[in-house]
Every structure is written in structure tokens, then in C-alpha cells.
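Single-letter residue listing:
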Amino acid sequence: MQPHPPEPFRIKMTEPIRLISPQDRQEAMQKAGYNLFALKAEDVYIDLLTDSGTGAMSQHQWAAILEGDESYAGARSYYRLQQTMQEIFGFEYFVPTHQGRAAENILSSILVKPGAIIPSNMHFDTTDANIRARGGDPENCVIQEAFIAQSTNPFKGNMDIDKLETLIQKTGPENVPFGCITITNNAGGGQPVSLQNIRETSQIYHKYHIPFFIDCCRYAENCYFIKTREPGYEKKSLLEIANEIFQTADGAFMSAKKDAIVNIGGFLAVRDAELFQKISNELILREGFITYGGLAGRDLDAMAVGLREGLDDEYLAYRIGQTAYFGNRLLENGIPIIEPAGGHAIYVDAGSFLAHIPHSEFPGQALAATLYLEGGIRGVEIGSVMFAHPDPQSGEMIYPQMELVRLALPRRVYTQSHLDYVVEIFKKVGQHRQDIHGYRILYEPQFLRHFTAKFTPLA
Ligand SMILES: *Cc1c(COP(=O)(O)O)cnc(C)c1O
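Predicted, not measured: the structure shown is a model, and the values here were computed from it.

Digging into the site of the ligand
Right, so step 1: Arg101, Asp215, Arg218, Ser255 and Lys258 are the nearest of the 15 residues found near the ligand.
Right, so step 2: Here an oxygen atom of the ligand sits 2.9 Å away from a polar atom, N or O, in the main chain of glycine 100.
Right, so step 3: Between an oxygen atom of the ligand and a side-chain N or O atom of lysine 258, the distance comes to 2.8 Å.
Right, so step 4: Against a free-state accessible area of 380 Å², the protein chains account for coverage of 97% of the ligand.

This is how it looks when you write it as C-alpha cells:
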């Protein structure tokens, strides 16, 4: 068995957590309409809801926060971030944003017109929703193996290049204002994309004069996978790999709450001066001036330091090693997960774990609810609650190919014994999985329904 890697840090500040009683958990769930997003965080014992903004900052980041320059325009903090941005990403222009979806919103508001098609390997939920909110149609062209949980392809996040080109030809490139790729592929298991595939994707987009944007929330984890899995990259530094990735693109957007290990922040970066002008105008209207973009100066400094720490070899070996350890322990105990383990999370295949629950009764929701009720663990459904939608023509429900529960690992937060506890709860749940029932939705909003939907158990 692969051991848990020793943490390349020690702990000098603690935050108490506690497991409330089974009755209190039952009551909390009823109050929350069985939506885990509606729970009070203090009623959660092990919170694997997301790795977004939940990481532990280092002493260097906290020190940088004290140096934050809160000038409205042209703050030192901005220039420190610009320096880091230049070294890692190398785009001509960037604006800070308060998080990833703000960058997506700005980009979509400028480039997406009704009827536009935006391809990607797989859009994440906020990107998907921001494109739809502007009347566009997000399309996923990930390789078919991404949907085969047991396929151990080392780059299961790859774009299906033929599918992408066929889509562009069918749509007409004039109806594709920009194209994306998500690294790593969060919605498809945190699976990496190879550098060769990123290059081929870039070539296809550019062949049709379509600007290529990288959703790079977890680019550092992706770089580590390239270094350890893709022939020819063993000897390159992670920074060199990052440089090589972003050279292929016309722009990128990032939620810094992921691989920049900050609690808030993001950016939108581009090469084109005219597009940058439009972005600046939109940013000033909605987020703030171009040198702070809705963040405090101190947030920019924490981001500048975190971007470098997130790309550190030892940190990433620990990070990816921890996720692999967790995945292997679940597999050993017969829990079906997407293999191989991704970067930031383990995705449990709820569709096959709870094969008796149909798509329409939300097997992922059922498993996520059970994990909380049994052990105070909070994960998140990534399946039909998040992605099922009626066909715009026929009105018939289109279900996603996989029903998953994502157990995301906050960065530098939980230790081996926390993860072992989660495995023990899974063992317990596995013993009575046949008794677990589905759910029905009582309320849902128009977009991103998983955040605020209310459910009732189908007992
Ligand atoms: C988190 C995430 C986003 C959105 O970022 P927020 O900071 O949550 O707004 C977009 N794309 C991917 C791949 C993500 O993981």
C-alpha cells in the first residue's frame, strides 16, 4: 500500500472541529432541506465540500498580508502579483478578480452572444452557467475514457481532438467566439491534460482563428502530473512546464482559491490589447479598478506568494500523494472511485455504488447525504443535481454520464487520521448500501440549482 506522505510543514495554529450527535445531524439535514450547502459549517466534522478557498495559508502568506498596500490604484501589491503572473503565465495583460466566476462572467459578457458555441474538454459548473446565462451553448469534448471510471489512462482530462474539430466545422468557426480547456478537469474527476493534448487543442483552435483560453484553476497540479507521467518532461521544472502550457494560449482565467492557496481571489489574463480594454471597462463597472479587481491589496500579496508555493515540487508531491493515498484506501475497501486518483479530490462513483437508485432520484445526492448522516462528512454531488437539464428542443431530461460524489481535499488542512476516519465511515455505509434511498427536488432555481435546491427523501 502506498503510504501517506509526511507533510512538508508542521502545524502552528489549530482550529477546533467536532462531531455532533446522530440526532443533531438528522435535525440539521432536515433544516437544510437535505442540501449540504445549507448546513452550518460548525455542524460538519470533516469538510470535503470543496478545495476552493479552504486551504491553509503559510507563514509567508500571512506575513505578505501585513505588507499589503491598500492604495486604490497602482498599489505595490498589484505590481508584486504582476511580477509573479509574468513569470508563471507570461500573458501581456491581466486583471485580478474576486474569484474565478467573476473572470468567467466578464469574459462571457464580452464574447458570448446568443447561439454561440464554447467548446472545452469539460466546463466546470460556473463556466457552464456563465456561458448559458449569456445565451451561449457550452459543449464538452473530453475523450470518451473520461466516462469510464476504471480506465487508468494517465491523462483522462484530455480533449478529444477529432470531436473538437468536428464540432467547430459543424458549428462554423464564426459561431465559436473562444474555446477552452480546463486543467485539471474538475468536473471529470480532477484528471490532468497532457501537454501534447494542450498543444493539439491550441493548434485546432488556431487553425480556425478561435482564441484559446485555459481555465487554469489547478494548473500546478496538472504540471506535476505532466512532469511525473508524460514522457519527455521528467527533467523539466514545474515552472518550465507551466510556461510551456501558457505559451500555447491566448488567455487564461483562474480561481486563485485553488492552486494559489488563498481564501479569495482570481484573475483573467489575455494577450490581445483590444480585448483587455473591454475587460478593463467591464471590470471597473462590476468588480473594481484594474489594479485590484474587487480584492484588497493584502489579498493580492497572499496570491502572489501562494502562486509560487502552489508550484513547489515538495508541496505538490505531498499534495498529489495524499490524494492518491486516500483513493487507494477507498479502493482497497471496495468503494468505486474514478481511477486513477485525480489531483484535488476523490470522485466516488455513486452511480455504481448505489446502482439501485436511478438518475432521476439522484444517487450522488443520496450518497452525499448518507455520508453526513453517518459520519458528519460533507462532500458534494457532481451528477444529475448539478448537470441534468431539459433538452431545449424536446424538453426531455438529459442526464450526465456519471453520478459522482466529490470528496475534495482542502490544501494543507487535513491529516492522514482524518482521511482514515472517512474510509471507516465508507466501510460502514457500504454494509447497508441497499437500504439507501433516492431524493426528490422540492425547490430549484434556474441556474446552478445544486447550491440552493431543497430535497425530500424518497423513503
Ligand atoms: C472553482 C472553479 C471555477 C470557479 O471559480 P470560483 O472561484 O469558485 O468562482 C471555475 N473552473 C474550475 C475548473 C473550478 O474548479
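Structure's up, so let's keep going.
Concerning the sheet that holds strand S2 (residues 93–97)
Right, so step 1: Taken together, five strands build an open sheet; the order of strands is S2-S8-S7-S6-S5 and the sheet is mixed. Here the strands that pair on one side only, and so sit at the sheet edges, are S2 and strand S5 (179–182). Averaged over all adjacent pairs, the angle separating strand axes in this sheet is 15°, with direction ignored.
Right, so step 2: Two strands pair when backbone bridges link them, and S5 and strand S6 (residues 212–215) are joined in this way by four bridges, in the parallel orientation.

Some thoughts on the side chain of serine 109
Right, so step 1: Turning to its location among the elements, serine 109 is positioned in helix H4 (residues 100–111).
Right, so step 2: Contacts of serine 109, omitting those with residues within four sequence positions, involve Arg134 and Glu282.

With respect to the packing of aromatic side chains
Right, so step 1: For the coordinates displayed, the defined rule picks out 20 aromatic pairs.
Right, so step 2: Judged by centre distance (5.4 Å) and plane angle (10°), the ring pair of tyrosine 78 and phenylalanine 94 falls under stacked. Residue tyrosine 78 is found in helix H3 (residues 76–88), and its partner phenylalanine 94 is found in strand S2; the two are separated by 16 residues along the sequence.
Right, so step 3: The exposure class of phenylalanine 94 is buried, given its relative accessible area of 6%.
Right, so step 4: Pairing tyrosine 315 with tyrosine 318 gives two aromatic rings, centres 6.4 Å apart and planes at 55°, and the pair type is tilted. Highlighted residues: tyrosine 315 and tyrosine 318, both in helix H12 (residues 313–332), separated by three residues, approximately one helical turn. Here the two residues tyrosine 315 and tyrosine 318 agree in accessibility, since each one is buried.

A word on the nonpolar core
Right, so step 1: Counting 62 residues, the largest nonpolar core has Phe89, Ile214, Cys216, Tyr219, Ile245, Phe246 and Phe267 as its most contacted members.
Right, so step 2: Per-element tally for this core: the top contributor is helix H8 (residues 219–229), with six residues.
Right, so step 3: Counting contributing residues, this core receives three or more from each of domain 1 (22–51 + 312–457) and domain 2 (59–309).
Right, so step 4: Not counting chain neighbours up to four residues away, the residues in contact with cysteine 216 comprise Phe89, Ile183, Phe246, Ala252, Phe253, Met254 and Phe267.
Right, so step 5: Counting 45 residues, the second largest nonpolar core, distinct from the first, contains Ala28, Val422, Tyr439 and Ala453.

Topic: the environment of threonine 370
Right, so step 1: Note that threonine 370 resides in helix H14 (residues 363–375).
Right, so step 2: Sequence separation between threonine 370 and arginine 298 is 72 residues; the distance between their C-alpha atoms is 40 Å.

Quick word on the sheet that holds strand S9 (residues 345–349)
Right, so step 1: Taken in spatial order, the three strands line up as S9-S14-S11 in an open sheet, and their pairing is antiparallel. Strand pairing shows two members of the sheet lacking a second neighbour, S9 and strand S11 (380–382), which therefore form its edges. Averaged over all neighbouring strand pairs, the angle between strand axes comes to 35°, with direction disregarded.
Right, so step 2: Sheet topology places S11 next to strand S14 (residues 404–408); three bridges connect them, and they run antiparallel. By the bridge assignment for S14, glutamate 381 is matched with valine 405.
Right, so step 3: This element, H14, spans S9, S11 and S14 of the sheet and lies at about 40° to S14.

About the cut-offs
Residues numbered from 1 in each chain as written. Predicted model: local features only at pLDDT ≥ 70, side-chain atom pairs only at ≥ 80, totals over all residues. Heavy atoms only, no water. Near = heavy atom within 4 Å. Polar contact = N/O pair within 3.5 Å; in protein donor to acceptor, adjacent residues only side chain to side chain. Areas by Shrake-Rupley, 256 points an atom, 1.4 Å probe, with all protein chains shown as cover. Pairing = 2+ DSSP bridges. Helix = DSSP H or I, 4+ residues; strand = E, 2+ residues; numbered from the N terminus. Axes fitted to C-alpha atoms, helices over the stretch in contact; angles between N-to-C directions. Contact = heavy atoms within 4.5 Å. Phe/Tyr/Trp six-rings, centres within 6.5 Å; stacked < 30°, edge-to-face > 60°. Buried < 20%, exposed > 50% of the residue type's maximum accessible area, 1.4 Å probe, protein only. Core = buried A, V, L, I, M, F, W, Y, C linked by side-chain atoms within 4.5 Å. Domains from an automatic or database assignment.

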